[in-house]
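Per-entry structural report
Okay, here's what each chain looks like letter by letter:
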Amino acid sequence: MIELADAVVVGGGILGIAVTEALSRRFSRVLLLEANRCGARATAGGFAWVNASSKWEDEAYHRLNAEACMRHISLAAEWDAHRIGWNGGGTLMWADQRDRGGLAALENRIQTLQRWEYPVARISRQEMQALEPYVRFDDDAVGLFAPSEGWISTARLVRFYADQAREHRAEIAEYTEAEGFTLDHRGAISSVETHRGRVSTRVVVLCAGAESGRLVGLALRRANRESRDVIKTSPGLLVETEPVPANSRIHRVCYPASATGLHLRPTPEGGLLIGADDTDELCGTDNGLSGKGEADVSEFADATAMLTKRVNAVLPAFEKGAVPTARRCVRPIPSDGLPLVGELPGLPGAYMLASHSGVTLAPLLSSLLADEIITGRRSPWLTAYRPERLLK
């Protein structure tokens, strides 16, 4: 492992590996420290939906995500969709006339997004049936279709960023945890400590997901600053099936009419990935976990059966026996729900990058932050997301 680096990135999830790649294009010596395997925790365990249609209550945050969606599409056009794990097809949401509250919310969402000039369309049942032939829609169902959205095979995107970073001479040190930081006489970052030795650097970027809050605390205490809890965790449950027959498949991210927040999408292997807002609550607290947690289906038998029954209502040909694996993911979320991007106040050279929408925002936020680190110019895209709002 190198002992002197232009920048050290701590955390090899999707945000960390993306900013490592972006920095490696401009710096000659970039080091990524990952305590486990790159992309093996929250990145691997999430739903990996690339979208801006779910962010429709805050215009600035919506526009940030909309720009990020376009970055994914541009990346796929430049490097090949399969290589970066991009799966388009859009997002399909729907409601029916009996669900007055759900229908009103859907119509409001469509109107708001169209007012903001985001590409969404109100479509009929017949149009939805053409998009998803095997899904059962009520006769009076109304849909929202967002064609620029999709989902990511995160293993491929992580591998792509890692390969690109290594081509630009970055070093990726897996199973190497950042244990502390030292500051110089000015109070600026001067090194990162690991069990493999100390790495001298003037730039540290904290992208460690659920561990970011602890690491921010370590850095601030070195500067005799009060530490604050800037990251919370939210456990979630997803069920992944084996490959399903053709008449049980869907072609995009689908959000059926449901107060439970049921959502499903295809998997790269031809199965389904299924989740719901209410079954997430059955996961309990994070119990100290910080990433992907594989679990025997029996541990979440009630939730698995509940999700299976709901999918059967949406996909009549879906077989209950096709659900083999439940997984529990602990999702890191900034304490106010919005991204944290930029230099830590009062600690020169220390930056952080954290977001609940990490898969969506990774290509955009990593590029913006790398440009800021290298040029010193603060991007207007990031004005509302500076760490100082939580670390005053």
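All figures in this text were calculated on a predicted structure; none of them were measured in a lab. (Residues numbered from 1 in each chain as written. Predicted model: local features only at pLDDT ≥ 70, side-chain atom pairs only at ≥ 80, totals over all residues. Heavy atoms only, no water.)

Let us look at the pattern of salt bridges. For the structure shown, the criterion picks out 19 salt bridges. Note that Asp278 is salt-bridged to Arg310, the shortest N-O span being 2.7 Å. Of the two residues, Asp278 sits in helix 9 (residues 277-280) while Arg310 sits in helix 10 (residues 301-314), which places them 32 residues apart along the sequence. Here Glu388 and Arg378 are joined by a salt bridge, their closest N and O atoms 3.1 Å apart. (Salt bridge = Lys/Arg side-chain N within 4 Å of Asp/Glu carboxyl O. Helix = DSSP H or I, 4+ residues; strand = E, 2+ residues; numbered from the N terminus.)

Strands sit in the order 10-11-12 across an open sheet of three strands; the sheet is antiparallel. Of all strands in the sheet, those with a lone pairing partner are strand 10 (178-183) and strand 12 (197-200), marking the two edges. On average, each strand axis in the sheet is inclined to that of its neighbour by 25°, with strand direction left out of account. Looking at chain direction, strand 10 and strand 11 (residues 189-194) are connected through five bridges and run antiparallel. By the bridge assignment, Phe181 is partnered in strand 11 with Val192. (Pairing = 2+ DSSP bridges. Axes fitted to C-alpha atoms, helices over the stretch in contact; angles between N-to-C directions.)

With 14 residues, helix 7 (residues 154-167) should reach 20 Å at 1.5 Å per residue; the first-to-last C-alpha distance of 20 Å fits that figure. Taken together, the buried positions of helix 7 are Thr154, Leu157, Val158, Phe160, Tyr161, Ala162, Gln164 and Ala165. (Expected span 1.5 Å × (residues − 1). Buried < 20%, exposed > 50% of the residue type's maximum accessible area, 1.4 Å probe, protein only.)

A word on the sheet that holds strand 8 (residues 150-152). Reading across the sheet, the three strands line up as 3-8-4 and stay open at both edges, with antiparallel pairing between neighbours. One side of each edge strand has no neighbouring strand; the edge strands of this open sheet are strand 3 (49-50) and strand 4 (86-87).

For Ala48, which is not a glycine, the phi torsion comes out positive at approximately 60°. By the secondary structure assignment, Ala48 is in the loop between helix 2 (42-45) and strand 3. A relative accessible area of 9% means that Ala48 is categorised as buried. With a phi angle near 75°, Arg169 is a residue other than glycine that sits in the positive phi range. Structurally, the position occupied by Arg169 is in the loop between helix 7 and strand 9 (171-174).

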